[in-house]
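Descriptive structure summary
Chain by chain, the residues run as shown.
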Amino acid sequence: MTAPTPLIAGNWKMNGLAAALGEARAVAAGLGQVPGRVALCPPATLVDRMRQALAGTAVALGGQDCRAEDNGAFTGDVSAAMLADAGASLVILGHSERRAGYGETDALVAAKVVAALSAGLEPIVCVGETLEQRKAGEALAVVTGQVRGSLPAALAGKAFAVAYEPVWAIGTGLTPTTPEIEEVHKAIRATLVEQFGAEGAKVPILYGGSVKPSNAAEILHAAEVGGALVGGASLKAADFLGIIGAL
Ligand code: PEP
């Protein structure tokens with residue numbers, strides 16, 4: 001079985017004005033031969049301008065969330081088709097900041113995945129346990145439960161990625177040990193194979209949570225780690241390139 005093509009995706013969250021497009025250009029200009037794919041997921045306001053800034057480069061574009069509906073009276077929200085129309089080819093779904101801050105359930109994330117697929121977007125579906133759940137020995141059960149609940153059968157035959165992001169490691173500077181990451185990634189892999197058969201073996205499983213240039217090599221080369229979802233360290237081209245260079 002060939003290993004999944006690795007993906008390194010930068011999640012800018014609610015950061016970035018027009019001036020930040022220079023960082024995106026610097027990422028594209030600094031990419032050498034990368035044994036994988038690279039993507040940036042800016043706020044929705046920058047997707048179209050980043051598409052223009054990155055035209056002709058190897059950096060793909062993603063959104064950070066989408067509505068499950070195609071259109072309608074949903075003030076302030078963005079649909080998958082709108083992201084695709086603006087130039088995105090991927091979308092992050094089920095990020096813990098949305099699960100916790102907006103009460104997003106596995107069922108809602110699964111509905112958003114279906115919407116993303118209909119718009120031709122590749123979903124990056126995030127899962128991860130809280131510190132309390134890890135301390136209670138529930139990490140594997142929580143994460144595999146989220147995988148089962150958030151990945152609809154409609155994903156069969158489609159390109160998608162799963163991102164394991166322990167909630168307690170996001171933006172904190174804390175990271176799980178390599179054996180802890182591998183344990184969860186192996187459990188996610190087994191669940192993917194259970195759900196999608198042989199195709200489940202080809203889905204990249206990204207790690208996310210305080211990835212930086214200094215820890216990227218160890219994390220990216222851990223068993224069943226197929227790339228990274230990077231928050232804070234994706235805002236500066238030099239840091240993001242340092243992580244990509246560790247692939
Ligand atoms: C994230 O929010 O997806 C993330 C991984 O953030 P950070 O790298 O800043 O921990």
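For the structure itself, consult the block above.
Here the structure is a predicted model, which means the values were calculated and not measured. (Residues numbered from 1 in each chain as written. Predicted model: local features only at pLDDT ≥ 70, side-chain atom pairs only at ≥ 80, totals over all residues. Heavy atoms only, no water.)

With respect to the pairing of strand β4 (residues 90–93)
Moving residue by residue along a regular strand, the side chains alternate between the two faces of the sheet. Burial of β4 is two-sided: the residues Leu90 and Ile92 facing one way and the residues Val91 and Leu93 facing the other way are all buried. With 2 bridges joining them, strand β3 (residues 59–63) and β4 adopt parallel strand pairing. Bridge assignment links Gly63 to a residue of β4, and that residue is Val91. Between the parallel pair β3 and β4, the chain is carried across by helix α3 (residues 80–86), and the sense of this crossover is right-handed. (Buried < 20%, exposed > 50% of the residue type's maximum accessible area, 1.4 Å probe, protein only. Helix = DSSP H or I, 4+ residues; strand = E, 2+ residues; numbered from the N terminus. Pairing = 2+ DSSP bridges. Right-handed = clockwise from strand over helix to strand, strands pointing away.)

Brief notes about the site of the ligand
Taken together, 14 residues are adjacent to the ligand, and Lys13, His95, Glu165, Gly171 and Ser210 come closest. Here an oxygen atom of the ligand sits 2.5 Å away from a polar atom, N or O, in the side chain of Lys13. One nitrogen or oxygen atom from the side chain of Glu165 is found 2.7 Å from an oxygen atom belonging to the ligand. In isolation the ligand exposes 290 Å². Once the protein is present, 95% of that is buried. (Near = heavy atom within 4 Å. Polar contact = N/O pair within 3.5 Å; in protein donor to acceptor, adjacent residues only side chain to side chain. Areas by Shrake-Rupley, 256 points an atom, 1.4 Å probe, with all protein chains shown as cover.)

Concerning the environment of Thr105
Looking at the element boundaries, Thr105 is found in the loop between α4 (96–101) and α5 (106–118). When the C-alpha positions of Thr105 and Gly149 are compared, they lie 8.7 Å apart, and in sequence the two are 44 residues distant. There is a polar contact of 3.1 Å between the side chain of Thr105 and the backbone nitrogen of Leu108.

A look at the packing of helix α1 (residues 21–30) against helix α2 (residues 44–54)
How two helices pack is summed up by the angle between their axes together with the distance between the axes. The geometry of α1 relative to α2 is characterised by a closest axis approach of 10 Å and an angle of 40° between their N-to-C directions. One finds that α1 runs oblique with respect to α2. Pair α1 / α2 crosses with right-handed handedness. Along the contact surface, α1 presents Leu21, Ala24, Arg25 and Ala28, while α2 presents Leu46, Arg49, Met50, Ala53 and Leu54. (Axes fitted to C-alpha atoms, helices over the stretch in contact; angles between N-to-C directions. Parallel < 35°, antiparallel > 145°, perpendicular 65-115°, else oblique. Left-handed = near helix turned anticlockwise from the far one by under 90°. Contact = heavy atoms within 4.5 Å.)

As for the side chain of Glu122
Its location among the elements puts Glu122 in strand β5 (residues 122–127). Given a relative accessible area of 11%, Glu122 falls into the buried group. Here the side chain of Glu122 touches Arg37 through a polar contact of 2.7 Å, side chain to side chain. Among all residues touching Glu122, those that are not within four sequence positions of it are Arg37, Ser89, Leu90, Val91, Ala159 and Phe160.

Points about the sheet that holds β5
On the basis of which strands lie adjacent, the closed barrel formed by 8 strands has the order β1-β2-β3-β4-β5-β6-β7-β8 and parallel pairing. Between one strand and the next, the sheet's axes are offset by a mean angle of 25°, whatever the strand orientation.

Here's the deal with the pairing of strand β8 (residues 227–230)
The alternating pattern of β8 places Gly227 and Leu229 and Ala228 and Val230 on opposite faces, both of which are buried. As paired strands, strand β1 (residues 7–11) and β8 are joined by 4 bridges and run parallel to one another. Each bridged residue has a counterpart across the sheet, and for Ile8 the counterpart in β8 is Ala228. Pairing analysis gives 2 bridges linking strand β7 (residues 205–208) to β8, with the strands arranged parallel. Within β8, the position partnered with Gly208 by the bridge is Leu229.

So, the side chain of Ser210
Along the chain, the position of Ser210 falls in the loop between β7 and α9 (213–220). There is a polar contact of 2.8 Å between the side chain of Ser210 and the backbone nitrogen of Gly173.

Comments concerning the environment of Ala187
Within the fold, Ala187 resides in helix α8 (residues 178–196). Linking Ala187 and Val91, residues 96 residues apart in sequence, is a C-alpha distance of 24 Å. Discounting chain neighbours no more than four positions away, the residues touching Ala187 are Leu140 and Thr144.

A word on the state of the cysteines
One pass over the full model with this rule turns up 0 disulfides. Unpaired in terms of disulfides, Cys126 finds its nearest cysteine sulfur in Cys41, a separation of 9.4 Å. (Disulfide = S-S within 2.5 Å.)

Concerning the packing of aromatic side chains
One pass over the full model with this rule turns up 2 aromatic pairs. Residues Tyr164 and Tyr207 carry aromatic rings whose centres are separated by 6.2 Å and whose planes lie at 65° to one another, so their mutual orientation is edge-to-face. Of this pair, Tyr164 sits in strand β6 (residues 161–164) while Tyr207 sits in strand β7; the two residues are 43 residues apart in sequence, bridging distant segments of the chain. Comparing Tyr164 with Tyr207 shows no difference in burial state: the two are buried. The ring of Tyr102 is capped by Arg98, whose NZ or CZ atom sits 4.0 Å from the centre of that ring. (Phe/Tyr/Trp six-rings, centres within 6.5 Å; stacked < 30°, edge-to-face > 60°. Lys NZ or Arg CZ within 6 Å of the ring centre and 35° of its normal.)

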